[in-house]
Amino acid sequence: MLRGKATVFYILRPGKKKGTIIRNGVKVKLRNAHGNYIHSVKSSGAATGMTNSKKSAWYHLNIKTRVRNRDVAAPVAGKSFRGYWGSWGPWGRCPRGYRATGYQQRVQKKQGDHDDTGLNAIRLICRKKTNRKRRRIVSSYEGWWGRWSKLKECSPGHYLTGYKVKLESKQAWGDDTAANGVKFKCSNGKWLQAAGTGKWGSWRTGQRCKKGHIAAFRARIESPQGDSGDDTAMNGLSIGCRK
């Protein structure tokens, strides 16, 4: 698969001739500020082979080169697990060449007569495919309450491929908690469940990678509802896969 990458060129004078240049071994078609093709660009940035160049001026172009991408998107089975309330956060993505191998979750323990929120956040652990010692931790929106569990990972050589969410149904006039925990499936078929999962709800099937591994996620979080409101924190989860 090829992926576009923006490159900036500065060229001299407008022109109309169509052509290509070679940049880092990749052929690139260029247009000037008027939308016309230019013929070629020297290393100095001056355009050559131009026509209708009565006036001299510099033009700023954003050109998309095409570069080969070794980590490509892979299909995901199932729809995003939405829950009930809140807003979707930004995607937390493993760097290129990394894959998700584990996670940790933030869960608020039972609050007695006070408001319970259950699951508040998760983070993914990403390890480099060619050097497992190199790792990154990625996140999305996160809730405000609870303690983080210890990291839970697949055995060496394996990676995350799918997940389930423990979700409590709507409680009407009762205390809602929505998501109470997440568990992930490893490529060897084993399930990971980090410590601290809440007591309410039942496990629901989420998404899985049809091919490849999990490499990104985003969370749906409900913002604090104030002293008179009912907080639920994390509600939904969506994943992205690569191969």
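Overview of the overall build of the chain
From N to C terminus, the chain includes zero helices and 21 strands. Scored against the burial criterion, the 243 residues of the chain give a buried share of 42%. If you take every contact in the chain between residues at least 6 apart in sequence, the share linking residues at least 24 apart comes to 71%. As presented, the chain carries roughly 13700 Å² of accessible surface, and 46% of it is formed by carbon and sulfur atoms.

A closer look at the pattern of salt bridges
Scanning all chains against the criterion turns up three salt bridges. Among the salt bridges present, the one from Glu142 reaches Arg123, with a minimum N-O distance of 2.7 Å. Taken together, the residues Glu142 in the loop between β13 (135-139) and β14 (147-148) and Arg123 in strand β12 (residues 119-128) connect sequence positions 19 residues apart. Take Glu142: its relative accessible area is 23%, and that puts it in the partly exposed class. Arg123 gets classed as partly exposed once you look at its relative accessible area, which sits at 25%. In this structure, the salt-bridge partner of Arg132 is Glu153, at a minimum N-O distance of 3.7 Å.

What to know about the pairing of β12
Of all 10 residues that make up β12, eight are buried, and the element is covered over most of its length. As paired strands, β12 and β13 are joined by five bridges and run antiparallel to one another. Of the residues in β13, the one forming a bridge with Leu124 is Val138. In sequence, β12 turns back onto β13 through a hairpin of six residues.

With respect to the side chain of Gln207
Looking at the element boundaries, Gln207 is found in strand β19 (residues 202-209). Within polar-contact distance, the side chain of Gln207 engages the backbone oxygen of Gly78 at 3.3 Å. Of note is the side chain of Gln207, whose polar atom sits 3.0 Å from the side chain of Tyr163. Those residues within four positions of Gln207 in sequence are excluded, and the remaining contacts are Val76, Ala77, Gly78, Lys79, Ser80, Gly162, Tyr163, Leu237, Ser238 and Ile239.

A closer look at the confidence of the model for the chain
When pLDDT is low, close inspection of the predicted coordinates is not appropriate. Looking at the chain, the pLDDT average stands at 80 and 71% of residues meet or exceed 70. Counting interchain partners and residues more than four positions distant, the pLDDT-below-50 stretch residues 37-69 has 111 contacts.

A closer look at the state of the cysteines
A complete count under the given rule lists three disulfides for this structure. Two residues, Cys154 and Cys186, share a disulfide whose sulfurs are 2.0 Å apart. Torsion about the S-S bond of the Cys154 and Cys186 cystine: about -95 degrees, corresponding to left-handed handedness. Pair noted here: Cys154 is in the loop between β15 (152-153) and β16 (160-167) and Cys186 is in strand β17 (residues 179-186), with a separation of 32 residues, a long-range link. Using a relative accessible area of 4% as the deciding quantity, one classes Cys154 as buried. What makes Cys186 buried here is its relative accessible area of 3%. Through a disulfide, Cys209 is tied to Cys241; the S-S separation comes to 2.0 Å. Given an S-S torsion of about -85 degrees, the disulfide between Cys209 and Cys241 has left-handed geometry. Of this pair, Cys209 sits in strand β19 while Cys241 sits in strand β21 (residues 234-242), and the two are 32 residues apart along the sequence. Each member of the pair, Cys209 as well as Cys241, carries the same accessibility label: buried.

Here we look at the environment of Trp88
Tracing the backbone shows Trp88 in strand β9 (residues 87-88). In the structure, Trp88 is positioned 131 residues away from Ala219 in sequence and 5.8 Å away in space, judged by C-alpha atoms.

Conventions and cut-offs
- Residues numbered from 1 in each chain as written.
- Predicted model: local features only at pLDDT ≥ 70, side-chain atom pairs only at ≥ 80, totals over all residues.
- Heavy atoms only, no water.
- Helix = DSSP H or I, 4+ residues; strand = E, 2+ residues; numbered from the N terminus.
- Buried < 20%, exposed > 50% of the residue type's maximum accessible area, 1.4 Å probe, protein only.
- Contact = heavy atoms within 4.5 Å.
- Areas by Shrake-Rupley, 256 points an atom, 1.4 Å probe, with all protein chains shown as cover.
- Salt bridge = Lys/Arg side-chain N within 4 Å of Asp/Glu carboxyl O.
- Pairing = 2+ DSSP bridges.
- Polar contact = N/O pair within 3.5 Å; in protein donor to acceptor, adjacent residues only side chain to side chain.
- pLDDT = per-residue confidence, 0-100.
- Disulfide = S-S within 2.5 Å.

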